[in-house]
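Single-letter residue listing:
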Amino acid sequence: MTGSEDDQPDLISDLSDLDFVCHLLADFHDDLRGKIGRFRMLTDLGGQMGPSGTMIFGGHAAYRAWVEARSSFVHGNYMATILLCQGLVEHLLAAYLHAGLMVDDIPDRIQFADTLRRCREREVISDSDVTDLRRMMALRNPLSHFRHLDDSSNLDRRSMSESEPAEDLLRHDAIFSIALAVRMLSMPAFRLG
């Protein structure tokens, strides 16, 4: 390898820092238009949250899920976007029930289906919200848990059944998930101002 002692490779790789920068710039450039489009979409969706933003119930886990879901979406990490949006909404709604003292008997580990039922009973969310949240859960589960190829929710099976590349399915699912997360964060219970 050529270069000075300051350009010493680490023990794991023989690539220099400059080599890594070149790889990062190439990666950034490869989908630059897509990243800009997804960032623009997030900005447009974020307008629903109101002028003062939103209150994210659920502590650091919910907040980090939101931050990382946005970043994942912009960078085209669609599976991560779906997983993080599901986690965000699950934390957001359960923590809202708990923090708002709307439920005094909330279990320490509440199932998402139970959270949805309780939120619907208290009119925090609508019937259509429940339908969409269950759809997002159905998108997330086969990404988190093994599904046999014969299972209709298996990503490869969906790709074959719908004659659409898996990447396109994931992109559509991620758009749905991030838009739903924004919709939840934009609800009157969470909007500031």
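Let me begin by describing the structure that accompanies this report.

About the cut-offs
- Residues numbered from 1 in each chain as written.
- Predicted model: local features only at pLDDT ≥ 70, side-chain atom pairs only at ≥ 80, totals over all residues.
- Heavy atoms only, no water.
- Helix = DSSP H or I, 4+ residues; strand = E, 2+ residues; numbered from the N terminus.
- Rg over C-alpha atoms; globule rule 2.2 N^0.38 Å.
- Buried < 20%, exposed > 50% of the residue type's maximum accessible area, 1.4 Å probe, protein only.
- Contact = heavy atoms within 4.5 Å.
- Areas by Shrake-Rupley, 256 points an atom, 1.4 Å probe, with all protein chains shown as cover.
- Lys, Arg positive; Asp, Glu negative; His and termini not counted.
- Charge placed at Lys NZ, Arg CZ, Asp CG, Glu CD.
- Polar contact = N/O pair within 3.5 Å; in protein donor to acceptor, adjacent residues only side chain to side chain.
- Phe/Tyr/Trp six-rings, centres within 6.5 Å; stacked < 30°, edge-to-face > 60°.
- 1 Å grid on protein atoms, 1.4 Å probe; cavity = no way out; pocket = protein on both sides within 12 Å on 5 of 7 lines; lining within 4 Å.
- Points joined across faces, edges and corners; volume = space filled by probe spheres on them.
- Nonpolar A, V, L, I, M, F, W, Y, C, P; charged D, E, K, R; others polar.
- Core = buried A, V, L, I, M, F, W, Y, C linked by side-chain atoms within 4.5 Å.

Along the backbone of the protein chain there are eight helices and zero strands. Starting at the N terminus and ending at the C terminus, the protein chain contains elements arranged as α-α-α-α-α-α-α-α. Compactness check: the protein chain gives a C-alpha radius of gyration of 20 Å against a globular reference of 16 Å for 193 residues, more than 25% above the reference. Expressed along its principal axes, the backbone C-alpha trace of the protein chain runs to roughly 70 × 45 × 35 Å. Relative to its full complement of 193 residues, the protein chain shows a buried share of 39%. Across the protein chain, every contact between residues at least 6 apart in sequence was considered, and the portion connecting residues at least 24 apart equals 60%. Looking at the protein chain as shown, the accessible area adds up to about 11,700 Å², and 54% of this sits on carbon and sulfur atoms. Both charge centroids of the protein chain, one from 20 positive and one from 30 negative side chains, sit 10 Å from each other.

Residue placement: Asp129 occurs in helix 6 (residues 127-144). Residue Asp129 is classed as buried on the basis of its relative accessible area of 9%. A polar atom in the side chain of Asp129 sits 2.9 Å from the backbone nitrogen of Ser126. For Asp129, the contacting residues outside a window of four places in its chain are Arg183, Met184 and Met187.

Let's shift gears to the packing of aromatic side chains. Summed over the entire model, instances satisfying the criterion amount to three aromatic pairs. Plain terms: the ring middles of Phe57 and Tyr96 are 5.2 Å apart, the flat faces sit at 80 degrees to each other, and that makes the pair edge-to-face. Here Tyr96 lies in helix 4 (residues 78-99) and Phe57 lies in the loop between helix 2 (32-46) and helix 3 (59-74), a separation of 39 residues in the sequence. Taking the relative accessible area as the measure of exposure, Tyr96 reaches 16% and is therefore buried. Centre to centre, the rings of Tyr96 and Phe190 are 5.1 Å apart; their planes meet at 70 degrees, and the pair counts as edge-to-face.

Turning to empty space enclosed by the protein, a few remarks are in order. If you walk through the whole model with that rule in mind, you get one cavity of 30 Å³ or more. Surrounding the largest cavity, Leu139, Pro142, Leu143, Ser153, Leu155, Arg158, Leu170 and Asp173 form its lining. When residues of the lining of the largest cavity are assigned to their parent elements, the largest contribution, three residues, is made by helix 6. Residue composition of the lining of the largest cavity, by class: five nonpolar, one polar and two charged.

To continue, consider the nonpolar core. The nonpolar side chains of soluble globular proteins are, as a tendency, buried together. With 48 residues, the main nonpolar core has Trp66, Leu93, Ile125 and Leu133 as its most contacted residues. For this core, the elements supplying multiple residues, two or more each, are helix 2, helix 3, helix 4, helix 5 (112-121), helix 6 and helix 8 (166-185). Setting aside chain neighbours within four positions, we find Leu93 in contact with Phe112, Thr115, Leu116, Cys119, Ile125, Leu133 and Phe190.

Nothing here speaks to function; it is geometry throughout.
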